[in-house]
Amino acid sequence: MKYSIDKEEKYSLIKIKEEKFDSSVASGFKSDLVTMQAEGVQNMVIDMSEVKYVDSSGLSALLVGNRVIGENGGAFIIAAPTEHTEKLIKISQLDKVFDILPTVHEAVESVFMHELEKGLGEEGDSE
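Not measured: the values here are computed from a predicted model.

Procedures and definitions
Residues numbered from 1 in each chain as written. Predicted model: local features only at pLDDT ≥ 70, side-chain atom pairs only at ≥ 80, totals over all residues. Heavy atoms only, no water. Helix = DSSP H or I, 4+ residues; strand = E, 2+ residues; numbered from the N terminus. Buried < 20%, exposed > 50% of the residue type's maximum accessible area, 1.4 Å probe, protein only. Contact = heavy atoms within 4.5 Å. Lys, Arg positive; Asp, Glu negative; His and termini not counted. Charge placed at Lys NZ, Arg CZ, Asp CG, Glu CD. Axes fitted to C-alpha atoms, helices over the stretch in contact; angles between N-to-C directions. Parallel < 35°, antiparallel > 145°, perpendicular 65-115°, else oblique. Nonpolar A, V, L, I, M, F, W, Y, C, P; charged D, E, K, R; others polar. Phe/Tyr/Trp six-rings, centres within 6.5 Å; stacked < 30°, edge-to-face > 60°. UniProt positions renumbered as here; feature names shortened; annotations may be inferred. Pairing = 2+ DSSP bridges. Core = buried A, V, L, I, M, F, W, Y, C linked by side-chain atoms within 4.5 Å. Polar contact = N/O pair within 3.5 Å; in protein donor to acceptor, adjacent residues only side chain to side chain.

In this section: the overall build of the protein chain. Counting its secondary structure elements, the protein chain contains 4 helices and 7 strands. Reading the secondary structure of the protein chain in the N-to-C direction produces β-β-β-α-β-β-α-β-α-β-α. Counting only C-alpha atoms and orienting by the principal axes, one finds that the protein chain spans roughly 50 × 25 × 20 Å. Here the protein chain holds 127 residues, and the buried ones make up 39% of them. By sequence separation, contacts in the protein chain at least 24 residues apart represent 70% of the contacts at least 6 residues apart. Positive and negative side-chain charges in the protein chain, numbering 13 and 24 respectively, have mean positions lying 8 Å apart.

Here it is in structure tokens:
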């Protein structure tokens, strides 16, 4: 699967560079997400602006990423999905599971808000 990773201090931006996010590429991507989390990536922004078609295998890969990042208190955000992709996510009722934002910029801001809230929560726990 073709994608790029831009690693920042608080998050990794993964830009999917495929028009079809289906069974032919999803299992490899799923493994890569688990590996990235195991290597210490705490927050992920998935840029889906180039994905024109996604099937159940692609959605399953995203669910795995959402689960492994969420289990460790991280933020997993889908950014800039195309109209078709967003429609399929809504039909599958996964819009209630995923954090979906219209732009990468908004997704990155959301990661920083998540980190800020997490830090405030930890401060409150220590008092």
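Picking up where we left off.
Packed helix pairs are characterised by how far apart their axes lie and by the angle those axes make with each other. Contact pair helix α1 (residues 23-38) / helix α2 (residues 56-71): the axes reach a minimum separation of 8 Å and the direction vectors enclose 5 degrees. Classified by the angle between their axes, α1 and α2 sit roughly parallel to one another. In this structure, α1 uses Ser23, Ala26, Phe29, Lys30, Leu33, Val34 and Gln37 to contact α2, whose residues at the interface are Ser57, Gly58, Ser60, Ala61, Leu62, Val64, Gly65, Val68 and Ile69. Classifying every residue of the contact of α1 with α2 gives 9 nonpolar, 6 polar and 1 charged.

Throughout the structure, instances matching the rule amount to 3 aromatic pairs. Aromatic pair Tyr11 and Phe112: ring centres 6.1 Å apart, planes at 80 degrees, arrangement edge-to-face. Of this pair, Tyr11 sits in the loop between β1 (3-7) and β2 (12-16) while Phe112 sits in helix α4 (residues 104-126), and the two are 101 residues apart along the sequence. Through a chain of ring-to-ring contacts, three or more aromatic side chains come together here, namely Tyr3, Phe21 and Phe29.

The next point concerns the UniProt feature "domain: STAS" (unreviewed entry) in the protein chain. In this numbering, the UniProt entry assigns the feature "domain: STAS" (unreviewed entry) to residues 21-111. Span residues 21-111 is 54% helix and 15% strand, its end C-alpha atoms 24 Å apart.

What follows deals with the pairing of strand β6 (residues 76-79). Regular strands place side chains that alternate from one sheet face to the opposite one. In β6, alternate side chains face the same way, and those of Phe76 and Ile78 on one face and Ile77 and Ala79 on the other are all buried. Relative to strand β7 (residues 99-101), β6 is paired through 3 bridges, and the arrangement is parallel. Looking at β7, one finds that Ile78 is bridged to Ile100.

With that settled, the discussion passes to the nonpolar core. By size, the foremost hydrophobic cluster in this structure holds 25 residues, and its most contacted members are Phe21, Phe29, Met44, Ile46, Leu62 and Phe76. Looking at this core, the elements that each hand over two or more residues are β2, α1, β4 (44-47), α2 and β6. Counting residues per element, this core draws most heavily on α2, which supplies 6 residues. Leaving out residues up to four positions away in the same chain, Phe21 has contacts with Met1, Ile16, Ala26, Phe29, Met48, Val51, Tyr53, Val54, Asp55, Gly58, Ala61 and Leu62. Formed by 9 residues, the second largest nonpolar core is a distinct cluster that contains Val45, Ala75, Ala107 and Val111.

A word on the side chain of Thr85. Within the element layout of this structure, Thr85 appears in helix α3 (residues 83-91). A distance of 3.3 Å separates a polar side-chain atom of Thr85 from the backbone oxygen of Val51. Here Thr85 is in contact with Met48, Val51, Lys52 and Val54, once residues within four sequence places are set aside.

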